[in-house]
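Residue strings, one per chain:
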Amino acid sequence: MATRVLSQTARAATSRVGVTRGFAVLTASEEFPGIPATSPAPKQSSSSSVTTLPSGLTVVTEDASLSSTVSLTFPNAGSANEHPSEGGAALANRYLSFKSGSGLSSALIIRNLEDVGAELFASAGRRGATIGFTAARENAAFVAPLLATECSFEKWDVKEAIKLADTEAAEAVSNAQVVLSDQIYAAAFGAQSSMGRSYYTPGSKRESVISFRERAYSLNGAVLAATGIPDHEAFVRMVEDEFPTPAAGELAPAISPIYIGGEARVSAPSTGYAHMALAFQGPTSAPLMNVLKHSLVLSGASAFAAPGIMGVYGGSAPSDAESAVDALCKAVGAAPPADVVAKAKAAAKAEALRALDAGSKSLADAMTASILDSCGYSAKGLADSYDAVSPEDISKAFGEMVKSKPAFAAVGDISAVPYHATIASRF
């Protein structure tokens, strides 16, 4: 009996195979209206726009980023623009970012930014200062004017800024790499020059902090970069309406440091290690500078570069210091061959283009750097600037570099480190 039932069931199931069910199949959007698209839209290509306002402020935007970074860069607010009596003012002024100004308290400024989910940042160095935030695209234009508040220098704000700056300067002195960087600038430009003095200078005074900010933090000559802005013209109108108008007057001239070449040494035998850097006068063009740096790296050196200075660095046990110096000299002893230059150009170009796709803030930084370097910005223009670098350009730049007087810095246990005259005689 059981066997007969199972057989009948099997025959019934077999007879239904291949029979099409008679009902209409609805699409997902018909059955569930309003659901998001399951296939992502292709990424929109980025386009950029640049406008320089009558105030002297340059506004550069792009429209494809999913989030928005708005940064305001003051190219004359670095320590290289400090007057002799203003040592440490650039560092202290970084800590005055987002502080009371334009009739708004620090708490109100920060709360307005944080209410829209903004992530704040501020930076400074020898060659300028930047303040900015990253937020959702739809909120960027609403809170951007808060970047241009005119500091009211409340006593507690300035006092706290100077205290924090002194703390950071004290920490920097204990970092051998920071000290080495300071010393190579002192050797290259002179310890008493504006570029040769350390950014990490403690003991700034209220009066110098105020005078430096009033002179250096001007919108005239500044760069406002904004990513994820769909309407450049509307953003520019907002800036014209909401940002303060700079006081009448000429733009302070940018510092043009004079490279001299020399030596700077800091003895600290207790470290048990010798840190050394060898530098020369370098190109100021960013593409040429970066390709030349990558050429040195591909040749096996640890290289560094900044506008006007380029070199190699290393370190060793005190007993091996002379061999380490020999290696540094050998690294810059001959111009890189054409095959190395080709690889270096590809690496430098890829690095520059990756920065455009490494996030909203990285893109804003690249846009600002391009404006300051060439007064314009476009991804294609950036790529073309690297393509235009030829092996002959690198050979010429390298030749001019090693013709300059070398700058040498040594930090740590330097009892066996050769002196500048010995090193200079090799070039």
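Our subject is the structure that appears above.
Quick summary incoming for the structure in this document.

Here is what the cut-offs are and how they apply
- Residues numbered from 1 in each chain as written.
- Predicted model: local features only at pLDDT ≥ 70, side-chain atom pairs only at ≥ 80, totals over all residues.
- Heavy atoms only, no water.
- Helix = DSSP H or I, 4+ residues; strand = E, 2+ residues; numbered from the N terminus.
- Expected span 1.5 Å × (residues − 1).
- Buried < 20%, exposed > 50% of the residue type's maximum accessible area, 1.4 Å probe, protein only.
- Contact = heavy atoms within 4.5 Å.
- Core = buried A, V, L, I, M, F, W, Y, C linked by side-chain atoms within 4.5 Å.
- Pairing = 2+ DSSP bridges.
- Arc of directions from axis to C-beta.
- Polar contact = N/O pair within 3.5 Å; in protein donor to acceptor, adjacent residues only side chain to side chain.
- Salt bridge = Lys/Arg side-chain N within 4 Å of Asp/Glu carboxyl O.
- Axes fitted to C-alpha atoms, helices over the stretch in contact; angles between N-to-C directions.

Moving on to helix H13 (residues 360–374). Taking 1.5 Å per residue as the helical rise, H13 with its 15 residues ought to reach 21 Å, and the 21 Å between its terminal C-alpha atoms agrees with that figure. The set of residues buried in H13 consists of Ser360, Leu363, Ala364, Ala366, Met367, Thr368, Ser370 and Ile371. The secondary structure elements touched by the buried residues of H13 are strand E1 (48–52), strand E2 (58–62), strand E3 (67–74), strand E6 (223–226) and helix H12 (338–356).

One finds Leu57, Leu72, Phe133, Leu224 and Val239 to be the most contacted residues of the largest nonpolar core, which totals 50 residues. The greatest single-element share of this core, amounting to five residues, is contributed by helix H6 (residues 155–173). Excluding anything up to four places from it in sequence, Phe133 contacts Ser68, Thr69, Val70, Leu113, Ala118, Glu119, Leu120, Phe121, Ala140, Val143, Ala144 and Leu147. Ranked by size, the runner-up nonpolar core spans 45 residues in total, among them Ala303, Leu356, Phe398 and Val417.

Take the pairing of strand E4 (residues 119–125) next. Two faces belong to every sheet, and in a regular strand the side chains alternate between them. When E4 meets strand E5 (residues 128–136), the two strands line up antiparallel, connected through seven bridges. Opposite Gly125, over in E5, you have Gly128 as the bridge partner. Where E4 folds back onto E5 in an antiparallel hairpin, the turn is made up of two residues.

Now for helix H9 (residues 232–242). Regarding H9, the residues found buried are His232, Phe235, Val236, Met238 and Val239. Here the buried residues of H9 occupy an arc of 155 degrees about the axis, which is enough to place them on one side. Looking at the buried residues of H9, the elements they touch are E1, E2, helix H5 (137–143) and E6. For H9, the capping residue at the N-terminal end is Asp231, with a side-chain oxygen 3.2 Å from the backbone nitrogen of Glu233.

Here we take up the pattern of salt bridges. When the charged atoms of two side chains lie near each other, side chains of opposite charge can form a pair. Using the criterion set out here, one finds nine salt bridges in the structure. When the shortest N-O distance is used, the salt bridge between Asp326 and Arg426 registers 2.5 Å. Note that Asp326 is positioned in helix H11 (residues 321–331) and Arg426 in the segment after helix H16 (420–424), a separation of 100 residues in sequence. Asp326 sits in the partly exposed class, given a relative accessible area of 35%. Notably, a salt bridge pairs Lys380 with Asp384, separated by 2.8 Å at the nearest N-O pair. Note that Lys380 and Asp384 are positioned in helix H14 (residues 379–387) at a spacing of four residues, about one turn of the helix. When its relative accessible area of 61% is taken as the criterion, Lys380 is described as exposed. Classification of Asp384 as partly exposed rests on a relative accessible area of 34%.

The subject of this paragraph is the sheet that holds strand E9 (residues 303–306). Sheet architecture is open: five strands sit in the order E7-E11-E8-E10-E9, paired in mixed fashion. The outermost strands of the open sheet, each flanked by one partner alone, are strand E7 (263–267) and E9. Strand-to-strand twist of the sheet, defined as the mean angle between neighbouring strand axes without regard to direction, takes the value 15 degrees. Contacting E7, strand E8 (274–281), E9, strand E10 (309–316) and strand E11 (407–412), helix H7 (residues 176–189) runs over the sheet at an angle of about 150 degrees to E11. Relative to E10, H11 is tilted by about 150 degrees, and along the sheet it contacts E8, E10 and E11.

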